[in-house]
Amino acid sequence: MRFEIMRLDDVDGTAVDSTVVDAASVNRIVQQAAAIGQRLWIRPAETTAS
C-alpha cells in the first residue's frame, strides 16, 4: 500500500508539499518529522488503473 504524506505549514496548516511513499517508509518519515516538530497529514494514496 502507498501513502501520500503532506508537510503542513506551521502557521495555517495548509499543505506545503507532498510525496507518495510505500508503507515501509511511513514510520521513518514520521519519526523524522516528530524529531523536528514538523506537522504531517498522511492518507492512503489514490490508485490509478493501468
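Within any chain, residue numbers begin from 1 and follow the written order of that chain's sequence. Restriction of local features to residues with pLDDT of at least 70 applies here, the model being predicted, together with a cutoff of 80 or more for giving and counting side-chain atom pairs; totals for whole chains, interfaces and linings are based on all residues. With hydrogens and water excluded, all non-hydrogen atoms of the structure serve as input to the side-chain values.

Caption draft 1: Structural view of the sheet that holds strand S3 (residues 40-44). For two strands to count as paired, DSSP must find a minimum of two bridges between them. Counting from the N terminus, the helices are the DSSP runs of H or I reaching at least four residues and the strands are the DSSP runs of E reaching at least two. Across the sheet, three strands lie side by side as S2-S1-S3; this open sheet has antiparallel pairing. Bordering the open sheet on either side are strand S2 (15-22) and S3, each of which pairs with just one other strand. With strand direction ignored, the average angle separating the axes of adjacent strands in the sheet is 20°. Across five bridges, strand S1 (residues 2-8) lies against S3 in antiparallel orientation. Looking at S3, one finds that Glu4 is bridged to Arg43. Angles shown run from 0 to 180 degrees and are taken between the N-to-C directions of axes, each axis being a line fitted to C-alpha atoms and, for helices, limited to the stretch in contact.

Caption draft 2: Molecular detail of the pairing of S1. Most of S1 sits out of view: five of its seven residues are buried. Of the pairings in the sheet, the one linking S1 to S2 comprises seven bridges and is antiparallel in character. Considered in S2, the bridge of Phe3 is made with Val21. What sits between S1 and S2 in their antiparallel hairpin is a turn of six residues, with Gly13 showing a positive phi close to 80°. Note on classification: 1.4 Å probe, protein chains only; a residue is buried when its accessible area is under 20% of the maximum for its type, exposed when over 50%, partly exposed between these limits.

Caption draft 3: Spotlight on the environment of Ala45. Tracing the backbone through its elements, the reader meets Ala45 in the segment after S3. On the accessibility criterion, Ala45 (19% relative accessible area) is buried. On a C-alpha basis, the gap between Ala45 and Val30 in space is 16 Å, while along the polypeptide they are 15 residues apart. Any two residues having at least one pair of non-hydrogen atoms within 4.5 Å are treated as being in contact. Each residue touching Ala45, except ones within four places of it in the same chain, is listed here: Arg2, Phe3, Glu4 and Val20.

Caption draft 4: Spatial organisation of the packing of aromatic side chains. When two rings of Phe, Tyr or Trp (its six-membered ring) have centres within 6.5 Å they constitute a pair, described as stacked for plane angles under 30 degrees, edge-to-face for angles over 60, and tilted for the intermediate range. Overall, the coordinates contain zero aromatic pairs when judged by the stated rule. Across from the ring centre of Trp41, 5.0 Å away, lies the NZ or CZ of Arg43, which sits over that ring. By definition here, charges over rings are those cases where NZ of Lys or CZ of Arg is within 6 Å of the ring centre and within 35 degrees of the ring normal.

Caption draft 5: Looking closely at the environment of Ala15. Locating Ala15 in the fold gives a position in strand S2. C-alpha separation for the pair Ala15 and Leu40, spaced 25 residues apart in sequence, amounts to 8.6 Å. In contact with Ala15, other than residues within four places in its own chain, are Met6, Arg7 and Leu8.

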